[in-house]
Amino acid sequence: MLQHRLSRKAKRSRNYEKARSKVAKHQNNIASARKDYHYKTAHHLCSSKDVGMIFAEDLNLKAMSRGMLCKHTLDAAFGQFLNILKFVCWKKDVFFAKVNPNGTSQTCPMCLEETGKKDLSQRIHYCQFCGYKTDRDHAAAEVIRQRGIELISTQGLCGMETACAVGLPGARETSSRSEAKPDSRKGGRKTRNTQL
Ligand SMILES: [Zn+2]
């Protein structure tokens, strides 16, 4: 609406400048509200009881914005959320890592068989091999958790260093390693599916 009003003003006129600054303010408000929400969500995820680790899919957001999910992924500023989550994890001594996102929704977390592509309307994971049935996002979150734990155990501390320390100076992330207990592992996927 503001944008529309702006387009009707004569360029570089006084009223144009007024309308332009209104649009800019409005956009700025949206951006800061979103950022605020991202911080709140990240803190919420990190402060749940017994959270030692959070894993997320290492999604290629640029490719996704061109593909099937179109601009929705960019609108939701998911990349910004992951960066904020990484930062909050670092501050709160929660280990954060991104895992390989390929086929997370096509793998059975119980028997690790490939269960085939699901289209987005298919909300249930049902494995024809082992009979495991659960919510689609829950199943994907379980796969992400397994991959995260695998990442740590196969690559050892080196893997954790790369995953955790990118762009974040300081040695504090090392303490999260020693504090991370096996029973405190948690797989996080987007903002849902944290109740595993
Ligand atoms: Zn299965």
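Our subject in this report is the structure included herewith. (Residues numbered from 1 in each chain as written. Predicted model: local features only at pLDDT ≥ 70, side-chain atom pairs only at ≥ 80, totals over all residues.)

**Considering the overall build of the protein chain**
At step 1: The secondary structure content of the protein chain amounts to seven helices and four strands.
At step 2: What you see in the protein chain, going N to C, is helices and strands ordered as α-α-β-α-α-α-β-β-β-α-α.
At step 3: Relative to its 196 residues, the protein chain shows a buried fraction of 23%.
At step 4: Counting only contacts in the protein chain whose residues sit at least 6 apart along the sequence, the fraction spanning at least 24 positions is 62%. (Helix = DSSP H or I, 4+ residues; strand = E, 2+ residues; numbered from the N terminus. Buried ≥ 20, exposed ≤ 12 C-beta atoms within 10 Å, placed from the backbone. Contact = placed C-beta atoms within 7 Å.)

**Considerations on the pairing of strand β2 (residues 95-99)**
At step 1: In terms of residue burial, β2 counts as a mostly covered element, since four of its five residues are buried.
At step 2: With five bridges joining them, strand β1 (residues 53-57) and β2 adopt parallel strand pairing. Along β2, the bridge assignment pairs A56 with K98. (Pairing = 2+ DSSP bridges.)

**What about the packing of helix α2 (residues 14-47) against helix α5 (residues 78-91)?**
At step 1: Two elements in contact, α2 and α5, have axes separated by 9 Å at closest approach and are oriented at 45 degrees. On the basis of their axis angle, the class for α2 and α5 is oblique. Helix-helix and strand crossings are classified by hand; for α2 and α5 the assignment is right-handed. Where α2 approaches α5, its residues H38, Y39, A42, H43, L45 and C46 are matched on the opposing element by Q80, F81, I84, L85, V88 and C89.
At step 2: Partitioning the contact of α2 with α5 into residue classes produces nine nonpolar, three polar and no charged. (Axes fitted to C-alpha atoms, helices over the stretch in contact; angles between N-to-C directions. Parallel < 35°, antiparallel > 145°, perpendicular 65-115°, else oblique. Left-handed = near helix turned anticlockwise from the far one by under 90°. Nonpolar A, V, L, I, M, F, W, Y, C, P; charged D, E, K, R; others polar.)

**Brief notes about α2**
At step 1: When the terminal C-alpha atoms of α2 are compared, their 49 Å separation across 34 residues agrees well with the 50 Å that a helix rising 1.5 Å per residue should span.
At step 2: The buried fraction of α2 is low, at three of 34 residues.
At step 3: All buried positions along α2 are accounted for by H38, A42 and L45.
At step 4: Buried residues belonging to α2 abut β1 and α5. (Expected span 1.5 Å × (residues − 1).)

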